[in-house]
Amino acid sequence: SSSSSSSSLPSKASRVASKRSHVKIEYDKDVPLVKSEPSSSSSSSSSSSSSLERPALILSKPGARPPEKLIAKVGPKYEGLPIPSDVTAVHKILRKTYGPRTPRNTDSKKVLDNLIGTILSQNTTNKNSSAAYRSLKSKYRSWEAARVAPAAEVEETIRVAGLKSAKTKAIQGVLEQLKEEKGSCESMDFLRDMDTEAAKQKLMSYRGVGPKTAACVLCFGMGRAEFAVDTHVHRLCRDRLQWVYPKFNREETYEWMNTCVQDDDKHELHVLLIAHGRATCKATGPKCEECPVSGTGLCGYDVKRRSASSMTKMKMKKEMKEEDMDDDGVDDIKEEGDDDYEKVSKKKKRTKSREPKQAKQDIKKEV
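Here's what I pulled together on the structure shown here.

The rules behind these values
Residues numbered from 1 in each chain as written. Predicted model: local features only at pLDDT ≥ 70, side-chain atom pairs only at ≥ 80, totals over all residues. Heavy atoms only, no water. Helix = DSSP H or I, 4+ residues; strand = E, 2+ residues; numbered from the N terminus. Buried < 20%, exposed > 50% of the residue type's maximum accessible area, 1.4 Å probe, protein only. Areas by Shrake-Rupley, 256 points an atom, 1.4 Å probe, with all protein chains shown as cover. Phe/Tyr/Trp six-rings, centres within 6.5 Å; stacked < 30°, edge-to-face > 60°. Lys NZ or Arg CZ within 6 Å of the ring centre and 35° of its normal. Salt bridge = Lys/Arg side-chain N within 4 Å of Asp/Glu carboxyl O. Polar contact = N/O pair within 3.5 Å; in protein donor to acceptor, adjacent residues only side chain to side chain. Core = buried A, V, L, I, M, F, W, Y, C linked by side-chain atoms within 4.5 Å.

### With respect to the overall build of the protein
No. 1: If you tally the helices and strands in the protein, you get 19 helices and two strands.
No. 2: The burial tally for the protein puts 47% of its 367 residues in the buried class.
No. 3: Looking at the protein as shown, the accessible area adds up to about 18700 Å², and 51% of this sits on carbon and sulfur atoms.

Right under this line is the structure:
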């Protein structure tokens, strides 16, 4: 019966195993997934073969696949992740919990304005970044004025966003490079004429613009199908829902998930994961008892938590603190190696970690 089948949810390991025995998974975001078993003739022939078929992935477009370097890194145990039915089910649960998130029309948005706003949003709250952006636009009537302004003046203008020195260097660096290339630094709308991959590479050629910032500009400023991965999305995809290889860094998680998530789902799933990460699945003190995904068997962290002994739970709490220490304050802006970033980052690490020596080593690796 349906009640008995729902009460005994298969483990993630068994679902991966089922995929490896030639179970074909057909994906449709609005229709429940259907698993079609191979015919008896094909199953008999496949049983005689010693090689296993590569597990199917959710692909954003026909022929797309994660980079070969990542497939080689994860090995056969993880190459079938994320399980399509898991992604679909979690997406539906989060949409029901937080409501649908429809992408806004981006035709009237200026790409350069969106890029500078995204740089200001790094490692701070939306409230602070919005205040800094308004202050910047109010202080300077044009981006040319911001480009030639003294760095100390710009830093004071955007102080509320934090990391003022690094962000000023990034913003003025973008404007300077744009001025050299185009003769003007008032617009970056020429990116709209490029395909998504070309626009992404062009964005990342500017100082202080990494994969996450570029993906955010493409998704929210240009309406392109990009699955941006910030701290919350990385934590949920890797450590909680366990959709990717557990040793992936944030850029690798982005490269993998951006290939595997359907184009039509990228914007909404990204926004819903952030909402869930902020409200419930927090870095420290996740509210597992209030989580709508808890108890469904879809969250690897929750499954482990429920079956864990007291000693294992203590270990999980320690790992959770380390996750928070690793993710907190890590963003594209760190690539600048700015002294301001280093000071703030060190302060955060020392206050969050009970092992200052280890924290110092981690900071040196990151910066």
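Having seen the model, we can carry on.
### Structural notes on the packing of aromatic side chains
No. 1: Counted under the stated rule, the structure contains four aromatic pairs.
No. 2: Geometrically, the ring pair formed by Tyr78 and Tyr245 is edge-to-face, given 5.2 Å between the ring centres and 70 degrees between the ring planes. Here Tyr78, found in the loop between helix H4 (68-74) and helix H5 (84-98), pairs with Tyr245, found in the loop between helix H13 (231-240) and helix H14 (250-260); they are 167 residues apart in sequence, far enough to count as distant.
No. 3: Under the relative-accessibility criterion, Tyr78 is labelled partly exposed at 22%.
No. 4: For the ring pair Tyr133 and Trp143, a centre distance of 6.5 Å and an interplane angle of 50 degrees mean the geometry is tilted. Note that Tyr133 is positioned in helix H7 (residues 126-139) and Trp143 in helix H8 (residues 143-148), a separation of 10 residues in sequence.
No. 5: Judged by relative accessible area, Tyr133 falls into the partly exposed class, the value being 21%.
No. 6: In this structure, Lys182 packs its charged tip against the face of Phe190, placed 4.3 Å from the ring centre.

### Considerations on the pattern of salt bridges
No. 1: A complete count under the given rule lists 17 salt bridges for this structure.
No. 2: With its nearest N and O atoms 3.7 Å apart, the salt bridge here joins Lys137 to Asp113. Taken as a pair, Lys137 in helix H7 and Asp113 in helix H6 (residues 111-121) lie far apart in primary sequence, 24 residues in all.
No. 3: For Asp113, a relative accessible area of 16% translates into the label buried.

### Overview of H13
No. 1: The element H13 is extensively covered by neighbouring structure, given that nine of its 10 residues are classed as buried.
No. 2: Buried within H13 are the following residues: His232, Val233, His234, Arg235, Leu236, Cys237, Arg238, Asp239 and Arg240.
No. 3: A side-chain oxygen of the first residue of H13 lies 3.2 Å from the backbone nitrogen of His232; this N-cap is Asp230.
No. 4: Of the residues trailing H13, Gln242 is marked for its positive phi of about 60 degrees.

### Re unusual backbone geometry
No. 1: In this structure, the amide linkage connecting Leu81 to the following residue, Pro82, adopts the cis form with an omega of 0 degrees.
No. 2: Note that Pro82 resides in the loop between H4 and H5.
No. 3: With a phi angle near 50 degrees, Leu163 is a residue other than glycine that sits in the positive phi range.
No. 4: Summarising the element assignment, Leu163 is placed in the loop between helix H9 (151-157) and helix H10 (164-182).
No. 5: Of note, Gln242 is a non-glycine position whose phi angle comes to about 60 degrees, a positive value.
No. 6: As for its placement among the helices and strands, Gln242 is situated in the loop between H13 and H14.

### Concerning the nonpolar core
No. 1: Counting residues in hydrophobic clusters, the biggest one holds 35 residues, and the most contacted among them are Phe227, Leu241, Trp243, Trp256, Met257, Leu273 and Val293.
No. 2: Secondary-structure elements contributing two or more residues to this core are H4, H5, helix H12 (211-221), H13, H14 and helix H15 (263-279).

Honestly, that's just the spatial picture; any functional story needs more than this.
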